Amino acid sequence: MPRPKGDHEARRREVSEAVWQVMATRGFAGLTLRAVATELGATTGLLTHYFPTKQALVAYALDLLERRTIARPRRPAGKGLIALRHALMDILPLTPEAMDSNRIWVSSWDAALSDDTLQADYARKYAQSRDTLRERVTAAQELGELPPGNPADIAAGSQSFTLGLVVQALLDPATFTPQRQVELLDDYLAALAASRPPEDRL
């Protein structure tokens with residue numbers, strides 16, 4: 001007899017948790033059917049019901065990662081510079097959950113660099129993030145909290161700074177503690193707010 005739908009959905013949730021745990025502890029490179037099966041306490045034969053190929057497992061893992069990232073609690077947007085600060089803080093690994101998510105994202109970059117389709121998808125995601133930051137930069141400029149300048153360039157610089165800080169925190173968490181990350185971000189934003197537009201430097 002086929003298993004009831006509730007049992008099937010419960011099993012999918014168990015598989016999802018096992019996939020997530022493997023990625024969080026071993027990184028994206030350690031994501032294999034055997035590792036997931038071991039985490040689940042099952043056989044690889046059972047998992048092939050859900051993932052007939054490694055590519056199917058990778059696609060599912062990335063979808064799971066994106067859904068968890070989107071569902072993560074966010075800080076209130078606010079208006080102006082505080083909205084930009086909150087958006088950048090939401091990227092940083094300031095909590096254990098955010099640390100796991102960022103560890104998985106960064107470890108998945110290797111897969112993206114060797115897969116044209118995945119690389120294009122990642123480029124699209126980061127472009128969307130820059131668009132969100134650009135809107136907040138523009139609002140801060142209109143409020144006089146940031147100097148005039150190309151908001152797209154400022155957004156790209158802010159994203160690049162924050163992603164660099166993410167990597168530092170993942171590689172050296174003892175030095176780049178959550179408190180230190182916030183201090184560095186606030187220093188960056190303060191310098192940004194105090195900077196003069198390029199035409200004023202001539």
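Residues numbered from 1 in each chain as written. Predicted model: local features only at pLDDT ≥ 70, side-chain atom pairs only at ≥ 80, totals over all residues. Heavy atoms only, no water.

Trainee: What should I look at first to understand the packing of helix 6 (residues 96–113) against helix 7 (residues 116–142) in this one?
Mentor: Helix packing geometry: the angle between the two helix axes and the distance between the axes. Contact geometry for helix 6 and helix 7: axes closest at 8 Å, N-to-C directions at 130°. Considered as vectors, helix 6 and helix 7 are oriented oblique to each other. Between helix 6, through Trp105, Ser108, Trp109, Ala111, Ala112 and Leu113, and helix 7, the contact on the second element is made entirely by Leu118, Gln119, Tyr122, Lys125 and Tyr126. Partitioning the contact of helix 6 with helix 7 into residue classes produces eight nonpolar, two polar and one charged. (Axes fitted to C-alpha atoms, helices over the stretch in contact; angles between N-to-C directions. Helix = DSSP H or I, 4+ residues; strand = E, 2+ residues; numbered from the N terminus. Parallel < 35°, antiparallel > 145°, perpendicular 65-115°, else oblique. Contact = heavy atoms within 4.5 Å. Nonpolar A, V, L, I, M, F, W, Y, C, P; charged D, E, K, R; others polar.)

Trainee: Hey, could you run me through the packing of aromatic side chains in this one?
Mentor: What describes a pair of aromatic rings is the distance from one ring centre to the other and the angle between the planes of the rings. According to the stated counting rule, one finds four aromatic pairs in the structure shown. Ring centres of tyrosine 50 and phenylalanine 51 lie 6.4 Å apart, and the angle between their planes is 45°; this geometry places the pair in the tilted category. As far as burial versus exposure is concerned, tyrosine 50 and phenylalanine 51 are alike and both buried. With centroids separated by 5.1 Å and ring planes inclined at 55°, the aromatic side chains of phenylalanine 51 and tyrosine 60 adopt a geometry described as tilted. Residue class for tyrosine 60 comes out buried when judged on its relative accessible area of 12%. A network of ring pairs unites the aromatic residues Tyr50, Phe51 and Tyr60 as a single cluster. (Phe/Tyr/Trp six-rings, centres within 6.5 Å; stacked < 30°, edge-to-face > 60°. Buried < 20%, exposed > 50% of the residue type's maximum accessible area, 1.4 Å probe, protein only.)

Trainee: Explanation requested: helix 8 (residues 151–171) in the structure shown.
Mentor: Residues separated by three or four positions in an α-helix point in the same direction, a consequence of the helix having 3.6 residues per turn. Counted at 1.5 Å a residue, the expected span for helix 8 with its 21 residues is 30 Å, and the 30 Å between its end C-alpha atoms agrees. For helix 8, every residue scored as buried is listed here: Ile154, Ala155, Ser158, Gln159, Thr162, Leu165, Val166 and Ala169. Considered in projection along helix 8, the buried side chains sweep an arc of 135° and stay on one side of the axis. Turned more than 90 degrees off the buried face of helix 8, the exposed positions are Asp153 and Leu171. Residues of helix 8 that are buried sit in contact with helix 5 (81–89), helix 6, helix 7 and helix 9 (178–194). Of the residues flanking the start of helix 8, the one acting as N-cap is asparagine 150, its side-chain oxygen 2.9 Å from the backbone nitrogen of alanine 152. (Expected span 1.5 Å × (residues − 1). Arc of directions from axis to C-beta. Polar contact = N/O pair within 3.5 Å; in protein donor to acceptor, adjacent residues only side chain to side chain.)

Trainee: Can you walk me through the nonpolar core in this structure?
Mentor: General note: in soluble globular proteins, nonpolar side chains tend to be found buried as a group. In this structure, Val19, Met23, Phe28, Leu31, Val36 and Phe51 are the most contacted members of the largest nonpolar core, which totals 29 residues. Mapped onto this core, the elements with two or more residues apiece are helix 1 (5–26), helix 2 (33–40), helix 4 (54–71), helix 6 and helix 7. Residues in contact with leucine 31, not counting those within four places in the same chain, are Val19, Val22, Met23, Val36, Lys54, Leu57 and Ala61. Counting residues in each nonpolar core, the second largest holds 23 residues, with Ala140, Leu146, Leu165 and Val166 among its members. (Core = buried A, V, L, I, M, F, W, Y, C linked by side-chain atoms within 4.5 Å.)

Trainee: Can you walk me through the packing of helix 5 against helix 7 in this structure?
Mentor: The N-to-C vectors of helix 5 and helix 7 enclose an angle of 155°; their axes lie 7 Å apart at closest approach. In terms of orientation, helix 5 lies roughly antiparallel with respect to helix 7. Viewed along their axes, helix 5 and helix 7 form a crossing whose handedness is left-handed. In contact with Leu81, Ala83, Leu84, Ala87 and Leu88 of helix 5, helix 7 contributes Leu133, Arg136, Val137 and Ala140. (Left-handed = near helix turned anticlockwise from the far one by under 90°.)

Trainee: Could you clarify how one ought to interpret the confidence of the model for the protein in this entry?
Mentor: Any region with low pLDDT has predicted coordinates that should not be read closely. Per-residue pLDDT for the protein has a mean of 87; in total, 91% of the residues score no lower than 70. A low-confidence stretch, residues 1–5 stays under pLDDT 50, and its non-local contacts, those more than four residues away or across chains, total one contact. (pLDDT = per-residue confidence, 0-100.)

Trainee: Would you mind showing me how to read the side chain of glutamine 141 here?
Mentor: By secondary structure assignment, the location of glutamine 141 is in helix 7. Given a relative accessible area of 19%, glutamine 141 falls into the buried group.

Trainee: In this structure, what is going on with the pattern of salt bridges? I would like to understand it.
Mentor: One side chain can pair with another of opposite charge once the charged atoms of both are near each other. Per the stated rule, a full pass over the model turns up seven salt bridges. For the salt bridge of lysine 125 with aspartate 121, the shortest nitrogen-to-oxygen distance reads 2.3 Å. Taken together, the residues lysine 125 and aspartate 121, both in helix 7 and four residues apart, mark about one turn of the helix. The class for lysine 125 is buried, based on a relative accessible area of 17%. For aspartate 131, the salt bridge goes to arginine 134, with nearest N and O atoms at 3.8 Å. With aspartate 131 and arginine 134 both in helix 7 and three residues apart, the pair spans about one turn of that helix. Overall, arginine 134 belongs to the partly exposed group, its relative accessible area being 31%. (Salt bridge = Lys/Arg side-chain N within 4 Å of Asp/Glu carboxyl O.)

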